[in-house]
Amino acid sequence: MKRIAILGSTGSIGQNALEVIKNFPDKFRVVALGAHSNIELLYQQIKTFNPEKVCVTDKQKALSLKRRLNAQTKILGGLEGIEELCKEKNIDTVVLAICGSMALMPLIKAIENKKEVCLANKEALVMAGPLIRQKARDNKTRIIPIDSEQSAIWQCLVGQDSNKVKNIYLTASGGPFLGWNKKQLKGIVIRQALKHPRWKMGKKITVDSATMMNKGFEILETMYLFNIVADKIKIVIHPESIIHSMVEFVDGIIMAQLSVTDMRIPIQYALSFPERLNTAFSFLDFSKLKFLSFTKPDFKRFPCLDLAYRAAYTGGTAPCVLNAANEVSVVEFLKKRLKFISIPKVIEGVMDRHNAVKNPNLEDILDAHLWARIQTQRIIEKLN
Ligand code: NDP
Ligand code: MG
């Protein structure tokens, strides 16, 4: 029986993880849940899964939830509540499904407490990849990817010598604006950016998929999770989203991982690894697949890809700055204070102003994060 904590249980990944867990009552037990604000849904999850502890990072909401529940479930509040949760002896695995940079400290705490981490969040890794790798090594903990491309690469690499990798092909659906021209891109409104053609996800990652920054982040995620240099990571547009990524070896052999487009599949494998469990979800039907297509990404129309490579080559605090500038820009876009097409321009402006710190420690990373957030706000204010 694996005893699981889900941080970010009310989000898209969190809910999918709970659906997987529900199918295997003899394999997985939910011992803790964490959410930020959606206490209505959290209340339902508590009733269904009966966890021992729950943390609500919004402290007011934590109090409201406490009033509604009996004493059986212990309710914690704030980031310090998450810290306390991570110390729990009866947690084996933490599913990290908090969105954005807020996941950094919970990830570090989970690793420091020697928990196995099933990692959906990518922003924390982008911010502090080398530091997190080092911490995971020091604490002898395993980070298992949930992100579908990373899960694919990981599965293709099982039992392989990573020195024999020639290239990694990161597949990308291309998002809702694949093939759009410059004029069309100029007129994009929020509703269009929030409509992903293949995946149903939280708002932030959906916008990131539309700008293709999500794929940019995955370049960095791949570098850090598998210790692969950016030169060997290639992006392939594959609109059908059936091949979730591929690994090419030095002998010309390519391994690919395929499945239906459903996040519950990589989530289940992350939880059950190394075992494979029967899925309650759908199987791929080749007779219904007419064809699989592949094209090159358009770096001119989607400059976020170049910005991510630039951050990858610069290293140090550059990826952290990339993430912070993007995070602020997406929020401003969703508040109608920044045009979709201006998102990469703003991020580039912030990166231009940054002197990256090499081999950053946690303090350097948090400083760069804050600095970049302030710079981004300034640039956006000037634009308005
Ligand atoms: P959602 O926006 O759907 O969910 C985010 C979760 O994080 C919610 O439970 C939310 O709580 C919680 N949260 C928000 N702010 C805070 C905070 N300040 N402190 C603690 N918790 C907080 O996101 P997704 O599920 O789509 O994505 C989660 C992560 O997984 C992201 O990093 C994303 O890039 C990654 N990912 C997602 C995929 C997907 O299919 N959705 C695919 C691959 C990766 P509440 O709702 O209660 O406020
Ligand atoms: Mg992905």
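Our structure is the block above this text.
Residues numbered from 1 in each chain as written. Chains lettered and ligands numbered in written order. Predicted model: local features only at pLDDT ≥ 70, side-chain atom pairs only at ≥ 80, totals over all residues. Heavy atoms only, no water.

Caption draft 1: Structural detail: the overall build of the protein chain. In terms of regular secondary structure, the protein chain is built from 16 helices and eleven strands. On C-alpha atoms alone, the protein chain measures out to a radius of gyration of 20 Å, which is about the 21 Å that the 2.2 N^0.38 rule sets for 384 residues. Looking at the 384 residues of the protein chain, the share that counts as buried comes to 56%. Across the protein chain, every contact between residues at least 6 apart in sequence was considered, and the portion connecting residues at least 24 apart equals 68%. (Helix = DSSP H or I, 4+ residues; strand = E, 2+ residues; numbered from the N terminus. Rg over C-alpha atoms; globule rule 2.2 N^0.38 Å. Buried < 20%, exposed > 50% of the residue type's maximum accessible area, 1.4 Å probe, protein only. Contact = heavy atoms within 4.5 Å.)

Caption draft 2: Structural context of the coordination of the magnesium ion (ligand 2). Coordination of the magnesium ion (ligand 2) by the protein comes from Asp147 (OD), Glu149 (OE) and Glu218 (OE), over a distance range of 2.1 to 2.2 Å. All donor residues of the magnesium ion (ligand 2) come from one chain, and their arrangement in sequence is D-x1-E-x68-E. With aspartate 147 in the loop between β7 (143-145) and α7 (148-157) and glutamate 218 in helix α11 (residues 213-226), this pair connects stretches of sequence that are 71 residues apart. By the burial criterion, aspartate 147 is buried, and glutamate 218 matches it. (Donors = N, O, S within 2.8 Å, 3.2 Å for Na, K, Ca; no water.)

Caption draft 3: Focus on the sheet that holds strand β9 (residues 233-237). Strand order across the open sheet formed by four strands is β9-β8-β10-β11, with mixed pairing between neighbours. Looking at the sheet topology across the chains shown, the edges are occupied by β9 and β11 (254-258). Between one strand axis and the next, the sheet turns through 20° on average, direction left out of account. Note: strand β10 (residues 243-249) against β11, five bridges, orientation antiparallel. By the bridge assignment, methionine 246 is partnered in β11 with alanine 256. Against the sheet, α11 contacts β8 (165-172) and β9, and its axis sits at roughly 150° relative to β8. (Pairing = 2+ DSSP bridges. Axes fitted to C-alpha atoms, helices over the stretch in contact; angles between N-to-C directions.)

Caption draft 4: Broad picture of the pattern of salt bridges. Taken as a whole and judged by the stated rule, the model has 24 salt bridges. One salt bridge in this structure joins lysine 59 and glutamate 80, with 2.6 Å as the shortest N-O distance. Of the two residues, lysine 59 is situated in helix α3 (residues 59-68) and glutamate 80 in helix α4 (residues 78-87); the sequence distance between them amounts to 21 residues. Residue classification places lysine 59 among the partly exposed residues on the basis of a relative accessible area of 45%. Notably, a salt bridge pairs lysine 204 with glutamate 123, separated by 3.0 Å at the nearest N-O pair. In this pair, lysine 204 is assigned in helix α10 (residues 203-211) and glutamate 123 in helix α6 (residues 123-138), connecting sequence segments 81 residues apart. In terms of burial, lysine 204 and glutamate 123 fall into one category: buried. The structure contains a network of salt bridges with shared partners spanning Lys122, Asp147, Glu149, Lys215 and Glu218. (Salt bridge = Lys/Arg side-chain N within 4 Å of Asp/Glu carboxyl O.)

Caption draft 5: The arrangement of the site of ligand 1 in detail. Around ligand 1 sit 25 residues in total, of which Thr10, Ser37, Asn38, Glu123 and Gly202 are the nearest. Measuring from an oxygen atom of ligand 1, one finds a side-chain N or O atom of threonine 10 at 2.7 Å. One of the side-chain N or O atoms of glutamate 123 is found 2.7 Å from an oxygen atom in ligand 1. Taking 900 Å² as the accessible area of ligand 1 by itself, protein coverage stands at 88%. Broken down by class, the residue content of the shell around ligand 1 amounts to ten nonpolar, twelve polar and three charged. (Near = heavy atom within 4 Å. Polar contact = N/O pair within 3.5 Å; in protein donor to acceptor, adjacent residues only side chain to side chain. Areas by Shrake-Rupley, 256 points an atom, 1.4 Å probe, with all protein chains shown as cover. Nonpolar A, V, L, I, M, F, W, Y, C, P; charged D, E, K, R; others polar.)

Caption draft 6: Main features of the packing of α6 against helix α16 (residues 362-383). Between α6 and α16, whose axes approach to 10 Å, the crossing angle comes to 175°. Regarding the angle of α6 to α16, the classification is roughly antiparallel. For the pair α6 and α16, contact is made by Met127, Ala128 and Leu131 and by Leu362, Ile365 and His369, respectively. Here the residues of the contact of α6 with α16 are counted per class, giving five nonpolar, one polar and no charged. (Parallel < 35°, antiparallel > 145°, perpendicular 65-115°, else oblique.)

Caption draft 7: Quick look at the sheet that holds strand β5 (residues 93-96). Ordered in space as β4-β3-β2-β1-β5-β6-β7, the seven strands form an open sheet in which the pairing is parallel. At either end of the open sheet lies a strand with only one pairing partner, and these are β4 (74-77) and β7. The average angle at which neighbouring strand axes cross in this sheet is 25°, direction not considered. Of the strand pairs in this sheet, strand β1 (residues 2-7) and β5 are connected by four bridges, and their pairing is parallel. Counted as the bridge partner of alanine 5 is valine 94 from β5.

Caption draft 8: Structural detail: helix α2 (residues 39-49). All of the buried residues along α2 are Ile39, Leu42, Tyr43, Gln45, Ile46 and Phe49. Projected onto a plane normal to the axis of α2, the buried residues spread over an arc of 165° and lie on a single side. (Arc of directions from axis to C-beta.)

Caption draft 9: Highlighting the side chain of lysine 215. By the element assignment, lysine 215 lies in helix α11. Residue lysine 215 is classed as buried on the basis of its relative accessible area, which comes to 5%. The contact partners of lysine 215, leaving out residues within four places of it in the chain, are Glu149, Leu170, Thr171, Ala172, Ile235 and Leu305.

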